[in-house]
Amino acid sequence: QDHLVESGGGLVQAGGSLRLSCAGTGRIFSIDKMTWYRQGPGKQREWVGDISADGVTNYSELVKGRFTISGDVARKYTMFLDMSSLKPEDTAVYLCAAEGRDTATMYFGLYWGQGTQVTVSS
């Protein structure tokens, strides 16, 4: 079982909207921050934005004004990414990461989900 599970990806037309979800599993707790990354075809992984345990959000300039991050990081270990005005260049695997503690080892580190595919057609 992964530490994080993403859901909500799919195929959408340009200009459309999509909501992604990320949730911590029983393998992680005490999360300080959750982050969205994405990796497009043939591209390097890039930072999309994040949300801290006290709800402070930050965004990449590439998505600011189009994407919104929300969630309850401190209590429910959840994070959402509401994407609107989607463009073909937003096509990517979207990955969730969290800075937290592994339930079994107590190790505090950065843990990842498997990712969810978002495809924006023109």
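Our subject is the structure that appears above.
In this text, all values refer to a predicted model and were calculated from it rather than measured experimentally.

Engineer: Lay out the overall build of the protein chain with the relevant residues and their values.
Structural biologist: When its secondary structure is counted, the protein chain shows zero helices and 11 strands. Listing the helices and strands of the protein chain from first to last along the sequence gives β-β-β-β-β-β-β-β-β-β-β. Compactness check: the protein chain gives a C-alpha radius of gyration of 14 Å against a globular reference of 14 Å for 122 residues, within 12% of the reference. The principal-axis extents of the C-alpha atoms in the protein chain amount to approximately 45 × 25 × 20 Å. Counting every position in the protein chain, which comprises 122 residues, the buried fraction comes to 43%.

Engineer: Give a description of the sheet that holds strand 7 (residues 67-72) that names residues and reports values.
Structural biologist: Sheet architecture is open: four strands sit in the order 1-3-8-7, paired in antiparallel fashion. Pairing within the sheet leaves two strands with one partner each, and these edge strands are strand 1 (4-7) and strand 7. Here the strands of the sheet are splayed against their neighbours by 15° on average, with no regard to which way each runs. Note that strand 1 and strand 3 (residues 18-24) share four bridges and pair antiparallel.

Engineer: Any chance you could break down the environment of Cys96 for me, citing the residues and the numbers?
Structural biologist: Topologically, Cys96 is positioned in strand 9 (residues 92-102). The spacing of Cys96 and Val5 is 91 residues in sequence and 7.7 Å in space, taken between C-alpha atoms. Excluding residues within four positions of it along the chain, Cys96 makes contact with Leu4, Glu6, Cys22, Met34, Thr35, Trp36, Met79, Tyr111, Trp112 and Gly113.

Engineer: I'd love a proper account of the packing of aromatic side chains, names of residues and values included.
Structural biologist: Per the counting criterion, the structure on display carries one aromatic pair. Geometrically, the ring pair formed by Tyr37 and Trp112 is tilted, given 5.0 Å between the ring centres and 45° between the ring planes. Here Tyr37 is found in strand 4 (residues 28-39), whereas its partner Trp112 is found in strand 10 (residues 108-112), with 75 residues between them in sequence. Overall, Trp112 belongs to the partly exposed group, its relative accessible area being 27%. Cation over ring: Arg19 sits above Phe80, and NZ or CZ is 4.3 Å from the ring centre. Above the ring of Trp112, the side-chain terminus of Arg45 is found at 4.5 Å from the ring centroid.

Engineer: How would you sum up the nonpolar core? Please name residues and give values.
Structural biologist: Counting residues in hydrophobic clusters, the biggest one holds 28 residues, and the most contacted among them are Met34, Trp36, Phe67, Met79, Leu81, Met83 and Tyr94. Counting residues per element, the ones that place at least two in this core are strand 3, strand 4, strand 5 (46-52), strand 7, strand 8 (78-83), strand 9 and strand 11 (116-121). In contact with Tyr94, not counting residues within four places along its chain, are Glu6, Leu20, Trp36, Tyr37, Arg38, Val48, Phe67, Leu81, Met83, Gly115, Thr116 and Val118.

Engineer: Can you explain the pattern of salt bridges? Please cite residues and give values.
Structural biologist: Evaluated as defined, the whole model comprises eight salt bridges. The closest approach of N and O atoms between Arg27 and Asp102, which form a salt bridge, is 3.8 Å. Placement of Arg27 in the loop between strand 3 and strand 4 and of Asp102 in strand 9 is noted, with a sequence separation of 75 residues between them. Overall, Arg27 belongs to the partly exposed group, its relative accessible area being 34%. Here Glu99 and Lys33 are joined by a salt bridge, their closest N and O atoms 3.8 Å apart. Here Glu99, found in strand 9, pairs with Lys33, found in strand 4; they are 66 residues apart in sequence, far enough to count as distant. Overlapping salt bridges bring together Arg38, Glu46, Arg66 and Asp90 as one network.

What counts and how
Residues numbered from 1 in each chain as written. Predicted model: local features only at pLDDT ≥ 70, side-chain atom pairs only at ≥ 80, totals over all residues. Heavy atoms only, no water. Helix = DSSP H or I, 4+ residues; strand = E, 2+ residues; numbered from the N terminus. Rg over C-alpha atoms; globule rule 2.2 N^0.38 Å. Buried < 20%, exposed > 50% of the residue type's maximum accessible area, 1.4 Å probe, protein only. Pairing = 2+ DSSP bridges. Axes fitted to C-alpha atoms, helices over the stretch in contact; angles between N-to-C directions. Contact = heavy atoms within 4.5 Å. Phe/Tyr/Trp six-rings, centres within 6.5 Å; stacked < 30°, edge-to-face > 60°. Lys NZ or Arg CZ within 6 Å of the ring centre and 35° of its normal. Core = buried A, V, L, I, M, F, W, Y, C linked by side-chain atoms within 4.5 Å. Salt bridge = Lys/Arg side-chain N within 4 Å of Asp/Glu carboxyl O.

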